[in-house]
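Architecture and fold: a report
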Amino acid sequence: MSKDIRIKKGLDIKLVGEAEQVTTELSLGSVFAIRPDDFHGVTPKILAKEGTEVKVGEALFYDKSDERILFPSPVSGKVSEIVRGARRKVLAIKIAADGKQDYKDFGKKEVNAMSGEEVKNHLFTSGCWPFIKQRPYDVVANPNQAPKAIFVSAYASAPLAGDYDYSLKGKEAELQAGLTALTKLTEGKVHVSVAKDSTLSPFKDAKGVELHRVSGPHPVGNVSTQIAQIDPINKGEVVWVVTPQDVAIIGELLLTGKFNATRTVALTGSKFGKPQYVTALAGAQIADVVKGNLEAEGARVISGNVLSGLQVAQDDFLGFYDNQITAIPEGDDYEFFGWNKPIFNKISTSRALTFSWLNPKKKYDLNTNTNGEHRAFVVTGSYEEVFPLDIYPMQLLKACMYKDLDEMEGLGAYEIAPEDFALTEFICVSKQPHQKIVREGLDLMRAELG
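No experiment lies behind these values; they were computed from the predicted model shown.

1. Let's talk about the overall build of the protein
A tally of regular secondary structure across the protein gives 11 helices and 20 strands. Computed over C-alpha atoms, the radius of gyration of the protein comes to 22 Å, within 12% of the 22 Å expected from 2.2 N^0.38 for 450 residues, which places it in the range of a compact globule. If you line up the protein on its principal axes, its C-alpha atoms span 65 × 50 × 45 Å. In the protein, the share of contacts with a sequence separation of at least 24, taken over all contacts with a separation of at least 6, comes to 69%. Accessible surface, the protein as shown: approximately 20,600 Å² in total, 48% of it carbon and sulfur. Taking the average location of the 53 positive side-chain charges in the protein and that of its 59 negative ones, the two points are 1 Å from each other.

Spelled out as structure tokens, the structure:
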């Protein structure tokens, strides 16, 4: 069964540096790290102390609130350092790779014969549970709350995002096993969304799921947009969300008994000499992934996409959920009275100064300059032009800022994640940090309302 989803509100940001559909197999790096901050809301309790030898899939730490939720090592080797920050907060657990991948064997499973509880326990034991996130709050799923549905968005619409049809090619068996496992975890449906014009999607013949074809500008690929169109969240309801690459990892675990966190990562942006795809493990050092390809001078490197990714240095590490590294020019150049001139090299939803609307197919080499400084909200009505959810974005942002839980709830905070406000942040003339505001608001709701 298929249901088409089409949105009109949004904005496609066309940038130079799209990844060519060529994949380079990288050699195994020497240092890897898992950052607890990648799992928002998790308080880590260390299991593998410094000097501990670990296999691939062995737990490094667990969540203090639920010791069943384990976080595994993506590589075999020795825990070389536990990096701590203020008040001894764990910032990263570094593993020195031993040059080979020695896997912990979790055993092959016949997923069709498994019950929902057996699937859940297997995901706990193998460390795959963190791949399942939930709405509301956009955190690792609470296994004690049954979801009314599970969503997989197999179309990435963010700027320069990798093509799942390409990166998951040949993974049909693993994807089907992963999807079958997900169907055991809910009494509702498992919804999978693919691009409307896709003919090569590895999900096109998936069984046991409801397939949707989506079209329109970004953020049509955001799972919140799809949830709002298919099965909106009401108070007291929970839905779970899994990315396509993580579905494949879960499926491979069931078929082989091995936790294999290898990802096909898109290297995108104008600061890469050859934008392309590479294979890398979650937690790989950025320097190893971009080696020989990055034009480092004057570049900002981002783990993720330009709208919602995290700025990283080359000695930092690939995010646990990320399958894209973007490198664009650093915006450290300023033009005197630049606001008073016609602008042809920037994107804007307004026709007041820029002329991007004259050439909608043009690709831009944008930098990180915000072209202004933080100021009070200006009511322009522009947020609603790029925000497809049936929510008042400015009112919700303000409710988050002055911490009115009832108003946040009434305005639809259960349905959103910070990434849903990336476009409104991009076009904001007030230069307000929308995603940070939303994240803090969701954290407050979770703390107060549970």
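2. Regarding unusual backbone geometry
Negative phi values dominate among residues other than glycine, just as trans dominates among peptide bonds. Here the residue pair Arg-135 and Pro-136 is connected by a cis peptide bond, since its omega of 5 degrees sits within 30 degrees of zero. Within the secondary structure, Pro-136 is located in the loop between β10 (133–135) and β11 (139–140). Here the amide bond leading from His-218 into Pro-219 is cis, since omega sits at 20 degrees, within 30 degrees of zero. Relative to the helices and strands, Pro-219 resides in the loop between β14 (210–215) and α4 (223–230). Despite not being glycine, Arg-87 shows a phi value in the positive range, around 55 degrees. One non-glycine residue, Leu-160, adopts positive backbone phi at about 65 degrees. Examined against the element boundaries, Leu-160 turns out to sit in the loop between β12 (149–153) and α2 (164–167).

3. Brief notes about the layout of surface pockets
One number sums up the size of the second largest pocket: a volume of about 740 Å³. Along the walls of the second largest pocket sit 28 residues, with Glu-18, Tyr-155, Ala-156, Ala-158 and Ala-161 positioned nearest its centre. At the level of secondary structure, the elements contributing two or more residues to the lining of the second largest pocket comprise α2, β13 (190–195) and β14.

4. Looking at the environment of Leu-267
Inspection of the secondary structure puts Leu-267 in strand β16 (residues 262–268). By relative accessible area, Leu-267 is classed as buried at 1%. Apart from residues no more than four positions distant in its own chain, Leu-267 is found in contact with Gly-17, Ala-19, Phe-272, Pro-275, Gln-276, Val-278, Val-289, Val-290, Asn-293 and Ile-325.

5. A word on the state of the cysteines
Under the criterion given, the structure shown has zero disulfides. Of all cysteine sulfurs in the structure, the one in Cys-428 sits closest to Cys-400, which takes part in no disulfide; the separation is 14 Å. Classification of Cys-400 as buried rests on a relative accessible area of 8%.

6. Some words on the sheet that holds strand β4 (residues 44–46)
Either a parallel or an antiparallel arrangement is found when strands of a sheet pair, and the pairing is made through backbone hydrogen bonds. Taken together, three strands build an open sheet; the order of strands is β4-β6-β7 and the sheet is antiparallel. At either end of the open sheet lies a strand with only one pairing partner, and these are β4 and β7 (66–72). If you compare each strand with its neighbour and ignore which way they point, the axes differ by 35 degrees on average. Both β4 and strand β6 (residues 59–63) contribute to a ladder of three bridges, which runs antiparallel. Looking across to β6, one finds that Ile-46 is bridged to Phe-61.

7. So, the packing of aromatic side chains
Evaluated as defined, the whole model comprises 14 aromatic pairs. Each ring, one from Trp-129 and one from Trp-240, has its centre 5.3 Å from the other, and the planes form 85 degrees; the classification is edge-to-face. One end of the pair, Trp-129, is in the loop between α1 (116–126) and β10; the other, Trp-240, is in strand β15 (residues 239–241), and 111 residues separate them in sequence. A single burial state applies to Trp-129 and to Trp-240, both of which are buried. A network of ring pairs unites the aromatic residues Phe-39, Phe-61, Phe-71, Phe-131, Phe-259, Phe-320 and Tyr-321 as a single cluster.

8. Considering the sheet that holds strand β17 (residues 276–281)
Strand order in this open sheet of six strands is β2-β17-β16-β20-β18-β19, and the pairing throughout is mixed. Unpaired on one side and paired on the other, β2 (23–25) and β19 (310–312) mark the two borders of the sheet. Each adjacent strand pair in this sheet contributes to an overall mean axis angle of 35 degrees, direction not counted. In this sheet, strand β20 (residues 324–329) lies alongside strand β18 (residues 299–303) in antiparallel orientation, the contact comprising five bridges. Opposite Ala-299, over in β20, you have Pro-329 as the bridge partner.

9. Remarks on the pattern of salt bridges
Summed over the entire model, instances satisfying the criterion amount to 20 salt bridges. For Lys-133, the salt bridge identified is with Asp-138, shortest N-O distance 3.7 Å. Residue classification places Asp-138 among the buried positions, given a relative accessible area of 14%. Here Arg-439 ties to Asp-138 by a salt bridge, and the two come within 3.8 Å at their closest N and O atoms. Within this pair, whereas Arg-439 is found in helix α11 (residues 434–449), its partner Asp-138 is found in the loop between β10 and β11, the two being separated by 301 residues in sequence. When sorted by exposure, Arg-439 lands in the same class as Asp-138, which is buried. When salt bridges that share partners are traced, they join Lys-133, Arg-135, Asp-138, Glu-419, Arg-439 and Asp-443 into one network.

10. So, the nonpolar core
Ranked by internal contacts, the top residues of the largest apolar core, which has 76 residues, are Val-192 and Ile-325. Residue contributions to this core peak at six residues, all from helix α5 (residues 244–256). Sequence-distant contacts of Val-192, that is, excluding residues within four places in its chain, are made with Val-152, Ala-154, Leu-179, Phe-203, Val-209, Glu-210, Leu-211 and His-212. If you look at the next biggest cluster of nonpolar residues, it comprises 47 residues, including Leu-15, Cys-400, Ile-416 and Leu-442.

What counts and how
- Residues numbered from 1 in each chain as written.
- Predicted model: local features only at pLDDT ≥ 70, side-chain atom pairs only at ≥ 80, totals over all residues.
- Heavy atoms only, no water.
- Helix = DSSP H or I, 4+ residues; strand = E, 2+ residues; numbered from the N terminus.
- Rg over C-alpha atoms; globule rule 2.2 N^0.38 Å.
- Contact = heavy atoms within 4.5 Å.
- Areas by Shrake-Rupley, 256 points an atom, 1.4 Å probe, with all protein chains shown as cover.
- Lys, Arg positive; Asp, Glu negative; His and termini not counted.
- Charge placed at Lys NZ, Arg CZ, Asp CG, Glu CD.
- 1 Å grid on protein atoms, 1.4 Å probe; cavity = no way out; pocket = protein on both sides within 12 Å on 5 of 7 lines; lining within 4 Å.
- Points joined across faces, edges and corners; volume = space filled by probe spheres on them.
- Buried < 20%, exposed > 50% of the residue type's maximum accessible area, 1.4 Å probe, protein only.
- Disulfide = S-S within 2.5 Å.
- Pairing = 2+ DSSP bridges.
- Axes fitted to C-alpha atoms, helices over the stretch in contact; angles between N-to-C directions.
- Phe/Tyr/Trp six-rings, centres within 6.5 Å; stacked < 30°, edge-to-face > 60°.
- Salt bridge = Lys/Arg side-chain N within 4 Å of Asp/Glu carboxyl O.
- Core = buried A, V, L, I, M, F, W, Y, C linked by side-chain atoms within 4.5 Å.

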